[in-house]
Each structure stands twice: as C-alpha cells, then as structure tokens.
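Coordinate analysis (summary)
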Amino acid sequence: MDVAVIGAGLGGLLAGAALSREHDVQVFERLDLYGGRFANLPYKGFQLSTGAFHMIPHGPTGPLALLLKEVGAKVEIVRSQPEATWLTRDRQQVPFMGFRELLSPGAQLKIPLAMVKVMGQKKGTGADMVLNDPEMVRLADSACGWCLSTTAAGTPAAEIGAVLRNIQKYGMPGVPMGGCSGVVDALERTIKDNGGRVVLSTPVDAVKVEDGAATGVVAGGETVPADVVISDIGHKLTAGLYDQRYLEPKYAAVLDRVRPSAGIKICLAAEEPLVGHSGVLFTPFTQRVNGLNEVTHVDPSLAPPGMHLTMSHQAMLTGDVKKEIELGLQDLKTMFAGKKFSVLLVQSYRDDWPVNRVSSGYDLGNLTPVKGLFVVGDGAKGHGGIEVEGVALGVMSALDLIRKAY
C-alpha cells in the first residue's frame with residue numbers, strides 16, 4: 001500500500017517505521033525538524049528538548065521500548081536508579097514506596113481503605129481514589145502533574161487505575177541514550193532504510209476523500225495518492241483537513257468538548273547535582289513544581305563537560321502563564337536554597353503546542369469518520385499510557401486496525 005503520514009512527531013514516526021517494512025511510506029512534516037515535542041533542542045552546549053523529558057516512563061521494558069525493538073529502531077534505554085523518590089517538607093528524599101513517611105499518623109490510618117479504592121475504583125476521579133484526603137491528594141497531584149500534566153481531581157479514576165497496572169506490568173522510568181533525539185533519529189533512519197521518506201518543511205493542506213474514504217493528501221501543493229492516511233496532529237486539526245460534509249455531528253460535538261493538558265518545563269544548569277540520581281524526584285510540597293529529573297547521571301553528553309541538566313515540570317493550573325512560571329521558579333529557589341544553579345530556559349506547552357492534545361483519560365482513539373484515515377499521537381493514547389508510552393500504545397492499536405482492515 002501507499003501510506004501518507006501527516007506529522008513527524010513520535011506517533012507519526014513510530015507508525016511510519018512500522019508500516020515502512022511492508023509498504024511505501026511518506027511522512028510529511030511542516031517544521032524543518034522531525035520529532036515534534038520529542039526531539040533534542042541544542043542550547044548553550046546542553047541538549048534540552050522541544051517538549052518531552054529525556055525519559056521514557058517504563059524504561060527498557062515498556063510499550064515504547066517494545067515497539068522500537070519491533071520496528072528495528074536501535075535505541076539503548078537505561079533503567080533509572082533509583083526509579084523515583086519523594087522530596088519531604090524538610091528537603092530530604094525518601095524512596096518512592098516510602099510515601100507513608102510523608103503523611104501524618106491520621107492520614108496513614110486511611111491508607112488501607114485508599115489502597116482498596118485504588119485497586120478497584122472505576123468511577124470518579126483520582127482524588128476520590130485517595131478518599132479526597134488533602135494529604136494524599138497532595139501526593140497524587142504531584143504524580144499526576146509529572147506523569148500526565150493533570151491533577152488528581154481532573155483525571156478519571158479508571159485512567160489512573162490503568163496507569164498503576166501498567167507500572168506493575170512494565171516497570172518504571174529509563175533514560176534513552178542521546179535523549180529524545182536518540183529515539184526519533186533511530187526511527188527516521190529505520191524509515192529511510194526501509195525505502196520510505198521523511199519530508200520536512202512540507203505541510204499537509206488537505207486530506208483527499210472520495211466516497212467517504214481517504215485517497216491521499218495534498219502536501220506542499222501537490223496531490224499525493226495514498227491507500228491509508230495516518231495523522232499525528234490530533235483529531236481536531238485532522239478534521240479541518242477534509243471536506244466538512246464527512247464530519248459527523250456526534251464526532252464534531254466530541255471534538256468541541258475535548259481539552260488539551262498544559263504544562264511548564266524549567267531547565268536548570270548546575271555543576272553539582274541538584275536531584276542526585278537519574279530517576280524522578282516527586283515534589284508534593286511545592287506551590288507548582290510536580291517533579292524533576294536529572295538524566296545526565298546516565299548520559300553526560302546531554303550537558304557540557306562537568307555540568308548537569310536538571311528539568312522540572314508542572315501542570316499549568318491557571319491561564320496566567322507568567323504567574324505560573326513565577327511560582328515554579330520560586331519553588332526551585334526554595335528547594336535548592338544554598339545550591340548554585342542557573343535557569344537555562346523556561347518552556348510552556350499549551351494551546352496548539354500542548355503537553356497532550358487531549359488530556360489523559362479522555363483520548364478519542366484512532367478512528368475518524370473517514371475510512372482509511374487514522375489518528376495517532378498524544379490525542380489518541382492507549383488506555384493507561386503515560387505520555388510517550390501512551391503514544392506507543394495508541395500506535396499499536398492503529399496498526400492492529402489497519403492490518404485488520406487491509
């Protein structure tokens with residue numbers, strides 16, 4: 001088959017690499033780089049990122065690692081050690097499973113009942129799962145903010161339950177050598193080695209549809225025939241590319257309701273480690289920052305010699321971006337009081353460049369009203385998939401649908 005992929009983000013590259021083994025694949029990207037929000041951003045000798053952290057939530061045993069191996073993209077992923085810790089009020093670190101130390105005796109008494117709800121609750125929100133106890137919600141908000149750019153109260157309980165099951169199944173974080181670009185470079189090479197093409201600086205202006213089925217795309221002013229079209233730009237933007245008479249009213253109504261998740265990343269440079277390990281440092285006692293990582297303990301090449309790269313992340317809780325950034329910077333100054341560091345870059349992810357095009361737990365799946373037009377990426381994540389792991393699960397689902405249909 002001829003396959004046209006709209007967007008060379010992680011989802012588009014994964015789908016393109018998988019299908020390029022048996023089909024003719026062309027990936028069209030409007031920017032002059034591939035990877036989308038999962039690429040390296042060279043800056044002052046550091047390898048920052050266009051979006052995602054240089055971290056894979058389930059490390060070398062998760063869905064993304066498994067799919068990379070399946071498509072033949074060679075990426076070394078090193079398991080973080082320790083995998084995660086919590087920062088206490090007095091700025092000490094405790095192991096991830098030692099969260100009881102962060103709770104008062106009264107809150108600790110509620111843990112058994114909360115665990116029952118965590119394992120079995122399917123309705124309500126993440127806050128309901130922890131009995132809406134303020135102390136436990138604080139911990140849940142830190143984890144949800146780091147992993148999903150949401151709050152516990154803003155995330156369906158069923159989604160959090162699926163996330164926890166995936167953690168049990170696949171394990172916790174790892175660092176891809178070379179950072180985000182270590183992954184997308186390998187995928188781009190795989191597509192090319194299989195005879196496919198990744199065409200940069202070439203926006204797709206339209207999806208051609210005949211009798212309700214996709215027949216190709218208009219890219220760079222030229223019509224490119226295709227048997228299958230895969231979009232990595234989300235359901236909303238994809239819907240704007242084809243004749244609106246094919247936009248079913250119920251589907252259009254759903255598109256109007258979905259909302260992206262927004263976040264802020266702050267990148268720090270320091271000669272001495274701030275986090276001190278390659279895992280996640282969850283920060284429940286802050287105003288805004290949900291967690292940090294410092295992957296230069298695994299891959300020193302992501303920073304100049306003798307330097308460390310530390311990245312913090314926070315879910316954006318209001319529309320006042322300036323104020324949100326100020327609160328995040330205040331958190332970092334408080335956490336690392338007495339330590340020397342400098343702020344390299346502050347990045348916000350919202351609107352048309354969000355953390356996720358659809359907030360976790362509300363993803364719309366791969367199908368569209370147009371036959372042969374599928375959506376992948378961070379608006380079509382698999383159930384319980386944390387960020388890029390969700391993208392990988394969503395691509396797996398799309399590949400299954402395509403194989404069954406064709």
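Data block above holds the structure.
Residues numbered from 1 in each chain as written. Predicted model: local features only at pLDDT ≥ 70, side-chain atom pairs only at ≥ 80, totals over all residues. Heavy atoms only, no water.

Mapped onto the fold, Ser181 is located in helix 8 (residues 180-193). On the basis of relative accessibility, which here comes to 14%, the residue Ser181 falls in the buried class. Polar contacts involving the side chain of Ser181 include one to the main-chain amide nitrogen of Asn40, which spans 2.8 Å. In this structure Ser181 touches Ala39, Asn40 and Ala186, once residues within four positions along its chain are discounted. (Helix = DSSP H or I, 4+ residues; strand = E, 2+ residues; numbered from the N terminus. Buried < 20%, exposed > 50% of the residue type's maximum accessible area, 1.4 Å probe, protein only. Polar contact = N/O pair within 3.5 Å; in protein donor to acceptor, adjacent residues only side chain to side chain. Contact = heavy atoms within 4.5 Å.)

On to the sheet that holds strand 7 (residues 93-95), then. Backbone hydrogen bonds are what pair the strands of a sheet, in a parallel or an antiparallel way. The strand order across the open sheet formed by seven strands is 7-6-15-16-17-14-18, and the pairing between neighbours is mixed. Each end of this open sheet is capped by a strand with a single partner; those strands are strand 7 and strand 18 (342-349). Recorded for the sheet is a direction-independent mean angle of 25° between the axes of neighbouring strands. With eight bridges connecting them, strand 14 (residues 263-270) and strand 17 (residues 308-315) associate as antiparallel partners. Note on strand 17: the bridge partner recorded for Leu268 is Thr310. Sitting on the sheet, helix 11 (residues 321-335) touches strand 6 (84-87), strand 14, strand 16 (291-293), strand 17 and strand 18, and the angle it makes with strand 14 is about 35°. (Pairing = 2+ DSSP bridges. Axes fitted to C-alpha atoms, helices over the stretch in contact; angles between N-to-C directions.)

Bringing the packing of helix 1 (residues 10-19) against helix 12 (residues 388-405) into the picture now. At a minimum axis distance of 9 Å, the contact between helix 1 and helix 12 shows a crossing angle of 40°. As judged from the angle between their axes, helix 1 and helix 12 are oblique. The handedness of the crossing between helix 1 and helix 12 comes out as right-handed. Residues Leu10, Gly11, Leu14, Ala15, Ala18 and Leu19 of helix 1 form the contact with helix 12, whose participating residues are Val388, Val391, Ala392, Val395, Leu399 and Ile402. Grouping the constituent residues of the contact of helix 1 with helix 12 by class yields eleven nonpolar, one polar and no charged. (Parallel < 35°, antiparallel > 145°, perpendicular 65-115°, else oblique. Left-handed = near helix turned anticlockwise from the far one by under 90°. Nonpolar A, V, L, I, M, F, W, Y, C, P; charged D, E, K, R; others polar.)

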